[in-house]
Each structure stands twice: as C-alpha cells, then as structure tokens.
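What the coordinates show
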Amino acid sequence: FKKLVGAFSFLIFDKEKKEFLAVRDHIGMKPFYYSFSDGHFIYGTEPRFIFLISQKKKILNQDKLVDSILRTERSYENTFYEGIYRLERGEFLKSKHKKIEKFRYHEFKTPDYLEYEREEDCFEDFRNLFTKIIEEQSSGIDIIGSNLSGGLDSTSVTRVLADLNKNTGNKKKIFSYSFKFTDLNKNQFKTTDEINYVKDAVELGGLNSRIIEIPKDNYVQQLLDCQKNFPSPNLQGNRYLELFMIDNLKKDGVKTVLTGFDGDCTVSSGTELIQILLRQFRFYDALKLNSQMRRNLGFKDNSLSILYRYVLLRLTPSKLHFYLRRARGFDSLDFQFKYFNKNFKNEIDLFRLHQQKRKGMYDIKNGHRDLLNSRHFQNAFESLDIDYSYNGIEERHPFFDKRLMEFCLRLHPNLKLKNGITRYVLRESLKENLPKSVKNRIQKSNLSPYFFYSAKKNINNLIDNLTRRSSKLRDYLDQKSLKKSQKDPSKLSREEMSWIVNFNLHDQWIKQNIE
C-alpha cells in the first residue's frame, strides 16, 4: 500500500480464504466506515448505508461528542454512532479467522532535511514534481475545472494546468471558477475582493473564466438545516461557496475539478525558522525576520510577545506554565471554554490539553510533520466528497499528493521563509507561471464575510437554542455565560461567535441524525 498514490478506499475479498483487506489513502480523502459485531462485517462510504443493512438503533457516542467540542484527536476511529467505526487515513484492516486487525502503513516521519548547494536546484525539483502531479491528475480529461480564488495556491494549480495544456499541445477545455461577493461594504470589499488577482491570472491565457457572483444570504441557517446529509457535524462555514461552485461545474459539464487545498499546510510558511534562530541565540536575526514577515502581512510588530512566548515561556516548566494559564481563567485555555459549565470543566484533563498545545508550539522539528499527520483533514474531505460525488463531480487536490507532502516536509525552513516572505519555495519555483501580482502577494483575503453576517443575524436564536431544555449540549454548556453573551452580542469576538455556531451545528446534527 505504501506505493499507492492518490485518493482511494477499497476492500479486496479473497473468496477461497474468506478473508479481506480494506484500505484508505494516506490523507483520508475517500471515506470508509464499518461495523463488526457477532461475526458480521458491514462497510460503506457512509454510516447510513451500514444502518440500512444492520437495522440497528442509532445511539450517540457521547465520548466522540466531547472530543469534537474539545477539538481533540483521541478517538478518531470512533464515530458519532456507537458501534460504527472509521478506517483512518493511512491504515488498512485485515481479517483472519473471523477477527479483524488494524495496521498503519503510512505516517509522515520526522524529516531529514534535503541539502541543496543552490536554491535554484530546489526550485527546479519542486517545479518538476508539482508539474508532474498536475499532469497526472488531469491526464485523459478533455474538460476540466480549476478553483481560481486569486490566492497563491489555487493560482499555482490553475496556471500550471493551463501552461501544461499549451506546452504539450493538448486541447483540453479548462474552466476556472472564481467568486465575487456582491453585497459588501467598502471595508469588507478591501479585505475580501480578489477579482484583480483573478483577472491577472486569466489574462495569461488558456482559461475559460467563470466569475460566480455570491449574494448575501442566511448561510449559517442553511448549514444548520443540512446536517442530516453528513456522517458527522459539518462545520464548514464556507460550504455555500462549494454549492455555488458545483452548480456552475454542472452547467459547464465539468466532472473533475482541481483545487488549491491546502497549500498552506503542505508547503508551510516556514515560521519555525524564527524559533530555530532564537534557540541559536541569534535574537537580532530572529526578531528582524519576524518583523519583516509581520510587516509584509500588514500586522504590527510583536517582538516582545515573541520573546515572551518562545523564550521565556518555553524555558518555564510545563506545570508552572499551566498554573499561570489557569490563573488567568479557563477561558485562556481555548475560546470555547468560556461556555463550558463547571461540572464539564472538572471532567476535562486540562493539563493534557495544555501539554498538547505546548508540544505544538515548541516542537519545531516535528511541527510540520504533526500538522500533516493531523486527522482533522478527514472531516473536511468527507463533507466535500458527499457534496461533490452526489453531483457526479470529483475534486482533486494536487497539494495533498503524498510525494509533494513528503518533499515539502524535507525542505529546511530557510527555503520556506526568506526576508519575511512566506512560502518562498512555492513563489520562486513557479515564478514563470504566476502573474507577478500573485507571486508577490503576501496578504490573504477574508472569504467568510457572509458567514459572520449570517451568524450575527441569527445570534439570539442560536443562543436561545443552546439554552433550551431540548438542547443536546445542555449538559456541557454554562447557561449564565450564554445568556450574558446574549445581552450584548456586539461584544462577541469572531472566535466566540464561531463557537456558538459550532455548538449549534453539533446540536442540530444530533437532532437530525440520532432522534
């Protein structure tokens, strides 16, 4: 299985031995659910197909619910249904003598950095591999789409696809799909609109450009109403953009679309280089690099905060650091803790969560590895797979090709962050493909203006729902904190508002799927 590349999940049954192998791809792009009881193994791409066969009652897995609202990764093989399991990314099942065993065949390892005498050699290797992946993922397809947001990742995929088509003499019909938010005020327009970047990419040729106009609407309510369609709570606040995309793909007869998801994670910004310099006591170089990066991103200098967080706190014993955070209150541990009640907080292993956060902050050698090994990707992929596959469309994600992920993991951070420019290797490798405006673009746009508009519009109803006796999260949430937020919703931060929506999505999923 280690030699397989791509998105897949499948089962092979040996009729003679009456044994099987079941496997899922390295990142979890294709779903695989199963149950095994009384000698019966039932599997499918969604739990609902398993229940159709087993006819068993749907029972909520409370432990999974707790893990989900805490955002922990303790039991990802378990699902929100008791007795239903999920084959995880990079794993396979093997049956023998009416028993099943699970094995892991793929996991990203601590990297040995590649050594390059010249940066240009690295850029050439990246460019060749990235181009090869785009060529393979578009091979044999005459009509293909590409998500072109105007950002660095999606533009890289789209422009390499178009240039390949031209340079190889192929005659693929390539459609690019971009979003234009039509109901924004001036301030929102400045931080959201990407059409100028899109136009620069389209002007280089080879694309049939589609600009999809997105009106303001109650998209949070739409997301709440659709939870029955998914095997776990769908928390994708921008799902409405995918639905607009699907409608336009169908109009153009496109069955396959390439995306830029998730170039940020695969390439990485290289910010661990700042910590490396700090640990080498090169404080001036570290703070200079951090200041350059933040200035490019449009943020204020935070040198004192960097020294406090990555020097003083790192040298502080973990227990002492934990008690310092506790002294500031539970809320400082994470945004959602503000809304947890006392009984629930007392059940949480806070020190373990604190240690996980410290590991993520200070394990610089393995930070990128752990990000690529994260199990959270599976939920996003499974939600996308349902929306697209039910409409006869396949999304393909070049940045999640296993070969590219392993290559980027082995690049030293000084090839990813240079002179304050993040994802340096991607920009330099594809500088002949990208429009200059995108290649030099540092800041990102806000693609969630309508989500927060909708959340604000519904906030009183959302809080009311969580305080009702019928709420499925009532045993975990603090009623006083919720009602206090309701008195003056204008003071809610975006993070707090997002968590109120998140709790409601969990509540609605349970009501629509378990009851």
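Let me begin by describing the structure that accompanies this report. Keep in mind that what you see is a predicted model, and the values were worked out from it rather than measured.

1. Section: the overall build of the chain
Of regular secondary structure, the chain possesses 23 helices and 14 strands. Relative to a compact globule of 515 residues, whose C-alpha radius of gyration would be 24 Å, the chain shows 24 Å and is just as compact. Residues classed as buried in the chain amount to 51% of the 515 residues present. Contacts in the chain between residues at least 24 apart in sequence constitute 74% of all its contacts with a sequence separation of at least 6. Taken as a whole, the chain presents about 25600 Å² of accessible surface, with 49% of it coming from carbon and sulfur. Counting 90 positive and 67 negative side-chain charges, the chain places the averaged centre of each group 4 Å from the other.

2. Let's talk about the sheet that holds strand β1 (residues 9-14)
The 4 strands are arranged β1-β2-β6-β7 in an open sheet whose pairing can be described as antiparallel. Strands at the two margins of the open sheet, each flanked by one partner only, are β1 and β7 (99-104). Mean inter-strand twist for the sheet, computed between neighbouring axes without regard to direction, equals 15 degrees. Pairing analysis gives 6 bridges linking β1 to strand β2 (residues 19-24), with the strands arranged antiparallel. Counterpart to Phe 13 in the pairing with β2 is Phe 20.

3. Details of helix α3 (residues 119-138)
Given 3.6 residues to a turn, an α-helix orients residues that are three or four positions apart in the same direction. Here α3 contains 20 residues, and its C-alpha end-to-end distance of 29 Å stays within 8% of the 28 Å for a straight helix at 1.5 Å per residue. Directly after α3, the chain includes Gly 140, whose backbone phi takes a positive value near 75 degrees.

4. Section: the environment of Gln 508
Note on placement: Gln 508 falls in helix α23 (residues 494-513). Once the C-alpha coordinates of Gln 508 and Gln 227 are considered, the two residues, 281 residues apart in sequence, prove to be 6.6 Å apart. Excluding residues within four positions of it along the chain, Gln 508 makes contact with Leu 224, Gln 227 and Asn 465.

5. Some words on the pattern of salt bridges
If charged atoms from side chains of opposite charge come close, those side chains can pair. Scanning the entire structure with this criterion turns up 29 salt bridges. Lys 30 is the salt-bridge partner of Asp 385, the closest N and O atoms lying 3.1 Å from each other. In this pair, Asp 385 sits in helix α17 (residues 377-389) while Lys 30 sits in the loop between β2 and β3 (33-37), placing the two residues 355 residues apart along the sequence. Arg 118 serves as the salt-bridge partner of Asp 121, at 2.8 Å between the closest nitrogen and oxygen. What makes Arg 118 partly exposed here is its relative accessible area of 47%. When salt bridges that share partners are traced, they join Glu 77, Glu 91, Lys 102 and Arg 104 into one network.

6. A word on the packing of aromatic side chains
Overall, the coordinates contain 38 aromatic pairs when judged by the stated rule. Judged by centre distance (5.6 Å) and plane angle (70 degrees), the rings of Phe 261 and Phe 381 are edge-to-face. Highlighted residues: Phe 261 in the loop between β11 (256-258) and α9 (263-267) and Phe 381 in helix α17, separated in sequence by 120 residues. Here the aromatic cluster, defined as three or more aromatic residues joined through ring pairs, consists of Phe 20, Phe 32, Tyr 34, Phe 36, Phe 41, Tyr 43 and Tyr 85. The aromatic ring of Tyr 453 is capped on one face by Lys 216, whose charged end is 4.5 Å from the ring centroid. Taking the ring centre of Phe 452 as reference, the NZ or CZ of Arg 494 above it sits at 4.2 Å.

About the cut-offs
Residues numbered from 1 in each chain as written. Predicted model: local features only at pLDDT ≥ 70, side-chain atom pairs only at ≥ 80, totals over all residues. Heavy atoms only, no water. Helix = DSSP H or I, 4+ residues; strand = E, 2+ residues; numbered from the N terminus. Rg over C-alpha atoms; globule rule 2.2 N^0.38 Å. Buried < 20%, exposed > 50% of the residue type's maximum accessible area, 1.4 Å probe, protein only. Contact = heavy atoms within 4.5 Å. Areas by Shrake-Rupley, 256 points an atom, 1.4 Å probe, with all protein chains shown as cover. Lys, Arg positive; Asp, Glu negative; His and termini not counted. Charge placed at Lys NZ, Arg CZ, Asp CG, Glu CD. Pairing = 2+ DSSP bridges. Axes fitted to C-alpha atoms, helices over the stretch in contact; angles between N-to-C directions. Expected span 1.5 Å × (residues − 1). Salt bridge = Lys/Arg side-chain N within 4 Å of Asp/Glu carboxyl O. Phe/Tyr/Trp six-rings, centres within 6.5 Å; stacked < 30°, edge-to-face > 60°. Lys NZ or Arg CZ within 6 Å of the ring centre and 35° of its normal.

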